[in-house]
Amino acid sequence: MIKFLDLAKQYQSIKGEIDAAIGAVIADTSFIGGAHLRRFEEAFAAYQRAEHCVGVANGTDAIEIAIEALGLPHGSEIIVPANSFIASSEAVTRAGCRVVFCDANERNYTIDIDDLSRRITPQTKAIIAVHLYGHPCDMDALLAIAKRHGLFVIEDCAQAHGAEYRGRRVGAIGDIGAFSFYPGKNLGAYGDAGAIVTNDAALARRCRMIANHGRVEKYNHEFEGRNSRLDGLQAAVLSVKLAHLDEWTARRIAIADYYLEHLRDVPFITLPERAEWARQVYHLFVIRSEHRDALQAHLKAGGVETGIHYPIALPKLAAYRYLNQHGEALFANCADSTLLSIPMGEHLEPEDARTVVERIKAFSP
Ligand SMILES: *Cc1c(COP(=O)(O)O)cnc(C)c1O
């Protein structure tokens, strides 16, 4: 049996460190705020090579608070790729802005730069650059468009901890970046957690205030904010795991390289392409097949777990019928029935990757 995700195995490999870290938080009762949170925020800012990190309650809040902190006029349009998790677009609406979907490219599934240009109107104020599946967006091209039209760039890095665009870590390449530490992400907490990174001190301060009731100090509130804090227990867990992330990412990349080499000539699938400028951290390894459902059933019968990310493109969800973009001939609108995520993660052994390849090759469409 080859699992899609195995958090129990990961915990066993670092149990001593995790148990000690949790015990320490409980012992000094630093549940909200405190040294464990500060230590993680500093470590994660350094890891992403950003000047500031603000811990928040989850990745969706991170995007929403980042947008709110930019202070855009109500009803501003924000461009979001059509192939992502709903959080990328949900946060836009929740922050009082209007979602405009643009296509994904068929090489690495991140935002399609040509379609992005076509979506810009006088109301457009920002772009959500989702580094999907851990592959960075083409940031030079995206930033050039943003500069030309005076748009903010918000990076959705929920799947891209440690990913690099031409040697630069994602998150603070644009104006502000949002991370999720949902348990199944490359860096995952033991519950919900998220963070915002930026090189802009004023923006970081504003995010911190929004996430903590709009206050500068206890009971002194400059404006109405909300409660979206990263708690001490999660921060302590994340600090332990962050120290292992490079090793885990190296394992993901090795598995991906094995797949890319050994599945190259399989006729009934299309492999993802990693751009030469990308350090992709492979949150997911997504292939395409016209025979997706049969292939998935074949793999399941052979003990190989798979997933689909995402089965319905965002414009086609009931939640977005009002935008009337479901009928557009976008690659994302058409490809959703062909996407298949094959096993990927630090839990996989080299022989697991060999088994996955063998089982895929044994499929006859
Ligand atoms: C997981 C995810 C989010 C949301 O993160 P949560 O912590 O679950 O709120 C946002 N965007 C993308 C692309 C994600 O994969």
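Whatever comes next refers back to the structure up there.
About the cut-offs
- Along every chain, residues carry numbers that run from 1 in the direction the sequence is written.
- The predicted origin of the model limits local features to residues at a pLDDT of at least 70 and limits the giving and counting of side-chain atom pairs to 80 or more, whereas totals for whole chains, interfaces and linings rest on all residues.
- Excluding hydrogens and water, the side-chain figures rest on all heavy atoms present in the structure.
- Helix numbering and strand numbering both begin at the N terminus, where a helix is a DSSP run of H or I of at least 4 residues and a strand a DSSP run of E of at least 2.
- As defined in this context, the radius of gyration uses C-alpha atoms, and a globule is described by 2.2 Å times the residue total to the power 0.38.
- Throughout, exposure labels follow a simple rule: accessible area from a 1.4 Å probe, protein chains only, divided by the maximum for the residue type, with under 20% read as buried, over 50% as exposed, and the rest as partly exposed.
- Whether two residues touch is decided by their heavy atoms; if any such pair falls within 4.5 Å, the residues are in contact.
- Computed by Shrake-Rupley with a 1.4 Å probe, the accessible areas treat only the displayed protein chains as cover when residues are assessed.
- His is not counted, nor are the chain ends, whereas Lys and Arg count as positive and Asp and Glu as negative.
- A charged residue contributes its charge at one atom only: NZ of Lys, CZ of Arg, CG of Asp or CD of Glu.
- One heavy atom suffices: a residue is near a molecule or strand as soon as one of its heavy atoms comes within 4 Å of it.
- Think of a polar contact as two N or O atoms within 3.5 Å of one another; within protein, one of them needs to be a possible hydrogen donor and the other a possible acceptor, and neighboring residues in sequence only count if both atoms come from side chains.
- Two strands are said to pair when DSSP picks up at least two bridges between them.
- Within this document, salt bridges are pairs made up of a side-chain nitrogen of Lys or Arg and a carboxyl oxygen of Asp or Glu, the two lying within 4 Å of each other.
- Stacked, tilted and edge-to-face are the three classes assigned to paired rings of Phe, Tyr and Trp, where Trp is represented by its six-membered ring and a pair needs centres within 6.5 Å; plane angles under 30 degrees give stacked, over 60 edge-to-face, the rest tilted.
- Either the NZ atom of lysine or the CZ atom of arginine qualifies as a charge over a ring when it sits within 6 Å of the ring centre and within 35 degrees of the ring normal.
- Here an angle of 0 to 180 degrees is reported between the N-to-C directions of two axes, which are lines fitted to C-alpha atoms, with helices fitted over the stretch in contact.

**Q** Please explain the overall build of the chain as it appears in this structure.
**A** Of regular secondary structure, the chain possesses 12 helices and 14 strands. Taken over the C-alpha trace, the chain has a radius of gyration of 20 Å; the compact-globule value for 365 residues is 21 Å, and the two agree within 12%. Projected onto its principal axes, the C-alpha coordinates of the chain cover approximately 65 × 55 × 35 Å. When burial is assessed residue by residue, the chain has 57% of its 365 residues classed as buried. Of the contacts made within the chain by residues no fewer than 6 positions apart, 70% connect residues no fewer than 24 positions apart. Carbon and sulfur atoms make up 50% of the accessible area of the chain, which totals about 15200 Å². Seen as two clouds, the 39 positive and the 46 negative side-chain charges of the chain have centres 1 Å apart.

**Q** Explain the site of the ligand here, please?
**A** The full set close to the ligand counts 16 residues, and Gly-59, Thr-60, Asp-156, Ser-180 and Lys-185 are the nearest of them. Take Gly-59: an N or O atom from its main chain is 2.7 Å from an oxygen atom of the ligand. Separating an oxygen atom of the ligand from a side-chain N or O atom of Gln-159 is a distance of 2.8 Å. For the ligand, whose free accessible area comes to 380 Å², the fraction covered by protein is 92%. Of the residues forming the shell around the ligand, the biggest block, 3 residues, is contributed by helix α4 (residues 59–70).

**Q** Explain the sheet that holds strand β7 (residues 168–169) to me, please; I cannot follow it from the model alone.
**A** Note: strands within a sheet are paired through backbone hydrogen bonds, in either parallel or antiparallel orientation. Spatially, β7-β6-β12 is the arrangement adopted by the 3 strands of the open sheet, whose pairing is antiparallel. Two strands bound the open sheet, and with one partner strand each, they are β7 and β12 (278–279). Of the strand pairs in this sheet, strand β6 (residues 164–165) and β12 are connected by 2 bridges, and their pairing is antiparallel. Looking across to β12, one finds that Glu-164 is bridged to Arg-279.

**Q** How should the pattern of salt bridges be read in this particular structure?
**A** Scanning the entire structure with this criterion turns up 16 salt bridges. One salt bridge in this structure joins Arg-208 and Glu-41, with 3.1 Å as the shortest N-O distance. Of this pair, Arg-208 sits in helix α8 (residues 201–210) while Glu-41 is found in helix α3 (residues 35–48), placing the two residues 167 residues apart along the sequence. Residue class for Arg-208 comes out partly exposed when judged on its relative accessible area of 38%. For Asp-115, the salt bridge is made with Arg-119, and the minimal N-O distance between the two is 3.2 Å. For the pair Asp-115 and Arg-119, a shared accessibility class is recorded, and that class is buried.

**Q** What am I meant to see in the packing of aromatic side chains here?
**A** For any pair of aromatic rings, the description consists of the separation of the ring centres together with the inter-plane angle of the planes. For the coordinates displayed, the defined rule picks out 15 aromatic pairs. With a centroid separation of 5.1 Å and an interplanar angle of 70 degrees, the aromatic rings of Phe-268 and Phe-363 are classed as edge-to-face. Of this pair, Phe-268 sits in the loop between α9 (232–262) and β12 while Phe-363 sits in the segment after α12 (350–361), and the two are 95 residues apart along the sequence. Take Phe-268 and Phe-363: they sit in the same class, and that class is buried. Seen from their ring centres, Tyr-320 and Tyr-322 are 6.2 Å apart, and the 35 degrees between their planes marks the pair as tilted. Its relative accessible area of 4% is what places Tyr-320 among the buried residues. Members of the aromatic cluster, joined through ring pairs, are Phe-40, Phe-44, Tyr-47, Phe-179 and Phe-181. One Lys or Arg, Arg-169, reaches over the ring of Tyr-47 and ends 4.6 Å from the middle of that ring. The ring of Phe-223 has Arg-206 lying over it, and the distance from NZ or CZ to the ring centre is 4.7 Å.

**Q** Explain the sheet that holds strand β8 (residues 176–180) to me, please; I cannot follow it from the model alone.
**A** Spatially, the 7 strands line up as an open sheet ordered β1-β9-β8-β5-β4-β2-β3, and their pairing is mixed. A strand with exactly one partner marks an edge of an open sheet, and here the two such strands are β1 (52–56) and β3 (98–102). Strand-to-strand twist of the sheet, defined as the mean angle between neighbouring strand axes without regard to direction, takes the value 25 degrees. α3 contacts β1, β8 and β9 (194–198) of the sheet and is inclined by roughly 125 degrees relative to β1.

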